[in-house]
Amino acid sequence: MQEAILGIIAEYNPFHNGHLYHMNKAKEMTHASCTVIALSSNFVQRGEPSMIDKWERTRMALAQGANLVIEMPSAFSCHNAGVFCSAGVDLLAATETVTHLSFGMEDTSFHSLKGVIDILIEEPPSFKENLKRHLQEGHSYVESRSLALEDLIPGAGRLMSSSNNILAVGYMMRIAQKGYPLTPVPVERTGRAYLDDTLTDVASATAIRKAIKEKGLDEVYSYVPQESFFILKKAFDRGRCAIDDDALFRMIIASCLRASPKELASYAEMKEGIENRIMQASKYSKDLQELIEAISTKRYPKARVQRHLMHILLAYDHWTNKAVQRLSVPYIRVLGFDDKGRALLKTMRKKARLPLITKTGSLESPYSKTIAAFEYKAVELWEMLCNAPQRRKDVVQKPITV
């Protein structure tokens, strides 16, 4: 029988008690001998800079039982759920060693999950018609998709109203579309919902970040593993964190002010004149939240607006975006490993379908170089949000070993 290797797609922004529960539960369910994490880079899926960089989040993952951490580059990690999910699954599948993919869900027992996935993949005419109708009513794409599914499968709308369920369905869709030999392992979430900002019991990453920003690091001591807390504290003490919304706001406004509407329109996912709302709001907004509120509409929810703003900051152009969606991840970059991970890497080097690298200088294809160059730019811009930036850290940093 094939040895089970567990894969998890994560941001760990930061690694908290809920993440630890999920990892341990997934290990228990799969009896996996090794755990591989596909980790978001320094800009994350909700359209924000990560609180600490990918290297420190790698340390957190390794400290809590991960054996190997690989990178999901910023071109994929700071994107809509479809791109994020596809990239994460493609990365783990490309290792040719990962056998199981685990993820959190609000409800793991939904009766027609396969039916939902089949509809989203096949997009039958009835679904397309309902989707178009709900979009014309002014709903966002995510809301319209949920409503269109509800029209066909009662209860599916509620299922697809949760961020974690949306990601879970995205992972399973990609596995089905590509025929990957990955076994999905959903784990029912405990504690607070993904976006709940209440700091109680098993707090969400959203609540933890909010508490840190508003009350300080000591406020979250009980809600993250001890090793995570000390990694966070060391990063904060050294000025190696990106939590200053004013600094981020100024960088975004500078990017908007120096651009024309035509240039803004050339960035990833800009549609329906949203660049004009962004341009107008950038002229009078006094802080980041006011800017986001001024741009957001029923059709353009805050998370989508935040991604637009990050894409402007990163100068993420349509060409790169189209290539990303067509070609997916071009390499597997190793961020860290322990002894078990080192042994797995030896097998992976022989079997992986993508180049397995620790630094990007060895890449050869033009597309690989484009993704690596975008990653370098994103990391350098993230550094500018720190009180103690480390220029070119991503070029010289070796994988974290424990």
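Refer to the structure presented above.
Keep in mind it's a predicted model, so treat the numbers as computed, not measured. Going along each chain's sequence as written, the residues are numbered from 1 onward. With pLDDT at 70 or above as the cut-off, local features in this predicted model cover only qualifying residues; side-chain atom pairs require 80 or more to be listed or tallied, and sums for whole chains, interfaces and linings still use all residues. Derived side-chain values reflect all non-hydrogen atoms in the structure, with water molecules and hydrogen atoms excluded from consideration.

### A few points about the overall build of the protein chain
Phase 1: Here a helix means four or more residues in a row that DSSP labels H or I, a strand means two or more in a row labelled E, and each is numbered from the N terminus. Helices and strands together make up the secondary structure of the protein chain, namely 20 helices and ten strands.
Phase 2: Taken over C-alpha atoms, the radius of gyration is set against a globule rule of 2.2 Å times the number of residues to the power 0.38. Here the protein chain has a C-alpha radius of gyration of 20 Å; the compact-globule value for 402 residues is 21 Å, and the two agree.
Phase 3: Classification of residues uses two cut-offs on accessible area relative to the type maximum, computed with a 1.4 Å probe and protein chains only: under 20% is buried, over 50% is exposed, and between them is partly exposed. Within the protein chain, buried positions represent 58% of all 402 residues.
Phase 4: Here the accessible surface of atoms and residues is derived via Shrake-Rupley with a 1.4 Å probe, and residues count as covered only by protein chains that are part of the display. Entry remark: accessible area of the protein chain is about 17200 Å², with carbon and sulfur atoms responsible for 51%.

### Let's talk about the packing of aromatic side chains
Phase 1: In summary, the pairing rule links any two rings of Phe, Tyr or Trp, Trp by its six-membered ring, whose centres are within 6.5 Å, and it sorts them by plane angle into stacked for under 30 degrees, edge-to-face for over 60 and tilted for everything else. Evaluated as defined, the whole model comprises five aromatic pairs.
Phase 2: Measuring from ring centre to ring centre gives 5.6 Å for F103 and Y171, while their planes differ by 45°; the resulting arrangement is tilted. Of the two residues, F103 sits in strand 6 (residues 100–105) while Y171 sits in helix 9 (residues 163–178), which places them 68 residues apart along the sequence.
Phase 3: The class for Y171 is buried, based on a relative accessible area of 4%.
Phase 4: One aromatic cluster is present, built from ring pairs that chain together Y221, F229 and F230.

### Here's the deal with the pattern of salt bridges
Phase 1: Between Lys or Arg on one side and Asp or Glu on the other, a salt bridge is scored when a side-chain nitrogen of the former is within 4 Å of a carboxyl oxygen of the latter. Applying the stated criterion across every chain yields a total of 25 salt bridges.
Phase 2: The salt bridge partner of E137 is R133, with a shortest N-O separation of 3.8 Å.
Phase 3: Judged by relative accessible area, R133 falls into the partly exposed class, the value being 35%.
Phase 4: Ionic contacts of the salt-bridge type, sharing partners, join the residues K54, E71, R333, E375 and D394 into one network.

### Overview of the packing of helix 6 (residues 125–136) against helix 7 (residues 141–152)
Phase 1: Put simply, helix 6 and helix 7 touch, their axes get as near as 8 Å, and they point 135° apart. Here helix 6 is positioned oblique relative to helix 7, judged by the angle of their axes. For the pair helix 6 and helix 7, the sense of crossing is right-handed. Here S126, F127, N130, L131, R133, H134 and L135 of helix 6 lie close against helix 7, whose contacting residues are Y141, S144, R145, L147, A148, L149, D151 and L152.
Phase 2: Polar here means any residue other than Ala, Val, Leu, Ile, Met, Phe, Trp, Tyr, Cys and Pro, which are nonpolar, and Asp, Glu, Lys and Arg, which are charged; Gly is therefore polar. Its residues assigned to classes, the contact of helix 6 with helix 7 shows eight nonpolar, four polar and three charged. Whenever a helix is involved, its axis is fitted only over the stretch in contact; in every case the axis is a line through C-alpha atoms, and angles between N-to-C directions fall within 0 to 180 degrees. To sort the angles, those under 35 degrees are grouped as roughly parallel, those over 145 as roughly antiparallel, those from 65 to 115 as roughly perpendicular, and the leftovers as oblique. By definition, turning the near helix anticlockwise from the far helix through less than a right angle yields a left-handed crossing, and turning it clockwise yields a right-handed one. Should any heavy atoms of two residues lie within 4.5 Å, those residues are counted as being in contact.

### Structural notes on the side chain of R209
Phase 1: Within the secondary structure, R209 sits in helix 10 (residues 205–215).
Phase 2: According to the relative accessible area criterion, R209 is buried, its value standing at 12%.
Phase 3: Apart from residues no more than four positions distant in its own chain, R209 is found in contact with N13, P14, R46, E48 and M51.

### Some words on the nonpolar core
Phase 1: In terms of nonpolar packing, the biggest core is built from 103 residues, with I9, L68, F76, V116, Y171, I278 and L309 touching the most fellow members.
Phase 2: Of all the elements, helix 4 (residues 81–94) adds the most residues to this core, at ten residues.
Phase 3: Throughout, nonpolar core names a set of buried Ala, Val, Leu, Ile, Met, Phe, Trp, Tyr and Cys residues whose side chains join them through atoms within 4.5 Å. Judged by nonpolar contacts, the second largest core, of 37 residues, contains M51, W55, A235 and L335.

### Describing the packing of helix 4 against helix 9
Phase 1: Packing of helix 4 against helix 9 brings their axes to within 9 Å, and their N-to-C directions diverge by 55°. The angle between helix 4 and helix 9 places the two elements in the oblique class. Along this stretch, helix 4 crosses helix 9, giving a crossing that reads as right-handed. Packed against helix 4, whose contacting residues are A81, F84, C85, S86, V89 and D90, the element helix 9 presents I166, L167, G170, Y171, R174, I175 and K178 at the interface.
Phase 2: Considering only residue class, the contact of helix 4 with helix 9 consists of eight nonpolar, two polar and three charged.

### Some details on helix 17 (residues 318–327)
Because an α-helix packs 3.6 residues into every turn, residues spaced three or four apart end up facing the same way.
Phase 1: By the burial criterion, the buried members of helix 17 are T320, N321, A323 and V324. Projected down its long axis, helix 17 carries its buried residues within an arc of 165°, all on one side. Turned more than 90 degrees away from the buried face of helix 17 sit W319, K322 and R326, all of them exposed.
Phase 2: Contact partners of the buried residues in helix 17: helix 3 (74–77), helix 4 and helix 19 (366–383).
Phase 3: Polar contacts, as used here, are pairs of N or O atoms within 3.5 Å; protein pairs need one atom able to donate a hydrogen and one able to accept it. Residues neighboring in sequence count only if both atoms are side-chain atoms. Between the side-chain oxygen at the start of helix 17 and the backbone nitrogen of W319 there is a gap of 3.0 Å, and the oxygen is on D317. Working definition: the arc comes from the directions between the helix axis and the C-beta atoms, pointing outward to the latter.

### Remarks on the pairing of strand 8 (residues 332–337)
Phase 1: Burial analysis of strand 8 places six of its six residues in the buried class, the great majority of the element.
Phase 2: Being paired, for any two strands, means DSSP has found at least two bridges between them. Two elements, strand 5 (residues 68–72) and strand 8, share three bridges in a ladder whose sense is antiparallel. Paired with I70 across the bridge in strand 8 is V334.
Phase 3: Judged from the two bridges that link them, strand 8 and strand 9 (residues 356–357) form a sheet pairing that is parallel.

### Overview of unusual backbone geometry
Phase 1: Cis geometry is adopted by the peptide bond preceding P14, which originates at N13 and carries an omega value of 0°.
Phase 2: In this structure, P14 sits in the loop between strand 1 (5–10) and helix 1 (17–30).
Phase 3: For E96, which is not glycine, the phi torsion reads 60° and is therefore positive.
Phase 4: In this structure, E96 sits in the loop between helix 4 and strand 6.
Phase 5: Of note in this structure, E123 is not a glycine but carries a positive phi near 45°.
Phase 6: Relative to the elements of secondary structure, E123 occurs in the loop between helix 5 (113–122) and helix 6.

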